[in-house]
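Chain by chain, the residues run as shown.
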Amino acid sequence: MIGKIRRSEWNSADRIKNYEWMLFKKKRIKRLDNSDFSIIASNCVGTIMYHDLGVPFLSPTINLSIGMDDFIRFARNPRPYLEEEIVEIKDGNDCPAGMAGDIRINFVHYDTFEEGVRKWQERKKRINWDNLFVIGMERDGCTYDTIQCFDELPYENKIILTHVRYQEFSSAYYIGGFEENGELGNVLDFKKQFLRRRYLDDLDYVTFLNSGVKKPAKKP
């Protein structure tokens, strides 16, 4: 009997958490004023933002990862890299990978190299260069110097998620919970708490994306 009560209580709590999580996501979508943005991201964080908000993938950096030093080279001048032929790498890595010039692209969520390249080629044509957001992560080889280089990238809308606070960098955004690590952990993991929240949800990325909406000039 006690076991049944506990199971019932657990199922009820789980339903509450799932329902609240659904409402949280719906409210976030309603707040979005920007709908045709392109996120250039170093890993799948941008993909999850697109997915959560239910908007089209207007970016080639979907379901893949790029090491942070390579990512900064790419972000400094992306157009030439987008024209590069991607050459397959076969080095025993767990996922398909290729080189576009001197940057390595890991197609982490694709079954084959060919599929990853095809999606990259399709989505690069959709980039909205007038509504661009650049997102980096303090992981995948990211050092203090890397963060500094990211902070100097010539983009108005950029952010790098970090595992400690860097007051000296305006683009750095601290995500708590990874202070004891040498780098940022997986921000797509859910926290150990009652309400369903990922570490990524500490970032109000709707406000970040809405910052790209051009406001009408005030009448004099």
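Note: the structure precedes this text.
Below or above, wherever it landed, is the structure these notes cover. (Residues numbered from 1 in each chain as written. Predicted model: local features only at pLDDT ≥ 70, side-chain atom pairs only at ≥ 80, totals over all residues. Heavy atoms only, no water.)

**Examining the sheet that holds strand E3 (residues 97–100)**
Pairing within the open sheet is antiparallel, and its 3 strands lie in the order E2-E3-E4. If you trace the sheet from one side to the other, it starts and ends with strand E2 (86–89) and strand E4 (103–106), each paired once. On average, each strand axis in the sheet is inclined to that of its neighbour by 35°, with strand direction left out of account. In this fold helix H5 (residues 113–124) packs onto E2, E3 and E4, with an angle of close to 155° to the strand it touches most, E2. (Pairing = 2+ DSSP bridges. Helix = DSSP H or I, 4+ residues; strand = E, 2+ residues; numbered from the N terminus. Axes fitted to C-alpha atoms, helices over the stretch in contact; angles between N-to-C directions. Contact = heavy atoms within 4.5 Å.)

**Some details on the packing of aromatic side chains**
In total, this model carries 15 aromatic pairs according to the counting rule given. Ring geometry for phenylalanine 71 and phenylalanine 74: centres 6.5 Å apart, planes at 50°, overall tilted. With phenylalanine 71 and phenylalanine 74 both in helix H3 (residues 68–76), this residue pair falls 3 residues apart, about one helical turn. Relative to phenylalanine 113, the ring of phenylalanine 107 lies with its centre 6.1 Å away and its plane at 75°, an arrangement referred to as edge-to-face. Accessibility classification places phenylalanine 107 together with phenylalanine 113 in one group, the buried group. Among the aromatic residues, those joined into a ring-pair cluster are Phe37, Tyr50, Phe57, Phe133 and Phe208. Against the face of tryptophan 129 rests arginine 79, its NZ or CZ located 3.9 Å from the ring centre. Lying over the aromatic face of phenylalanine 190, arginine 196 brings its terminal NZ or CZ to 4.5 Å of the ring centre. (Phe/Tyr/Trp six-rings, centres within 6.5 Å; stacked < 30°, edge-to-face > 60°. Buried < 20%, exposed > 50% of the residue type's maximum accessible area, 1.4 Å probe, protein only. Lys NZ or Arg CZ within 6 Å of the ring centre and 35° of its normal.)

**Section: the pairing of E4**
In terms of strand pairing, E3 meets E4 through 4 bridges, oriented antiparallel. Following the sheet pairing, glycine 98 is matched in E4 by isoleucine 105. Following E3, the chain reverses through 2 residues before pairing antiparallel with E4; glycine 101 in that reversal takes a positive phi of roughly 65°.

**Section: the state of the cysteines**
Under the criterion given, the structure shown has 0 disulfides. Here cysteine 44 is not cross-linked by a disulfide; its sulfur's nearest cysteine counterpart is in cysteine 95, at 9.8 Å. Owing to a relative accessible area of 13%, cysteine 44 belongs among the buried residues under this scheme. (Disulfide = S-S within 2.5 Å.)

**What about the pattern of salt bridges?**
The tally for this structure, following the rule as stated, stands at 13 salt bridges. As a salt-bridge pair, arginine 197 and glutamate 20 come within 2.7 Å of each other at their nearest N and O atoms. Of this pair, arginine 197 sits in the loop between strand E7 (172–174) and helix H7 (205–210) while glutamate 20 is found in helix H1 (residues 2–31), placing the two residues 177 residues apart along the sequence. The salt bridge involving aspartate 204 is made with arginine 31; its shortest N-O contact spans 3.0 Å. On the criterion of sequence distance, the pair formed by aspartate 204 in the loop between E7 and H7 and arginine 31 in helix H1 is long-range, its members being 173 residues apart. A residue is classified by how much of its surface remains accessible, and arginine 31, at 37% relative accessible area, is partly exposed. A single salt-bridge network, built from bridges that share partners, covers Arg28, Asp52, Arg198 and Asp201. (Salt bridge = Lys/Arg side-chain N within 4 Å of Asp/Glu carboxyl O.)

Purely spatial values, then, with no claim about function.
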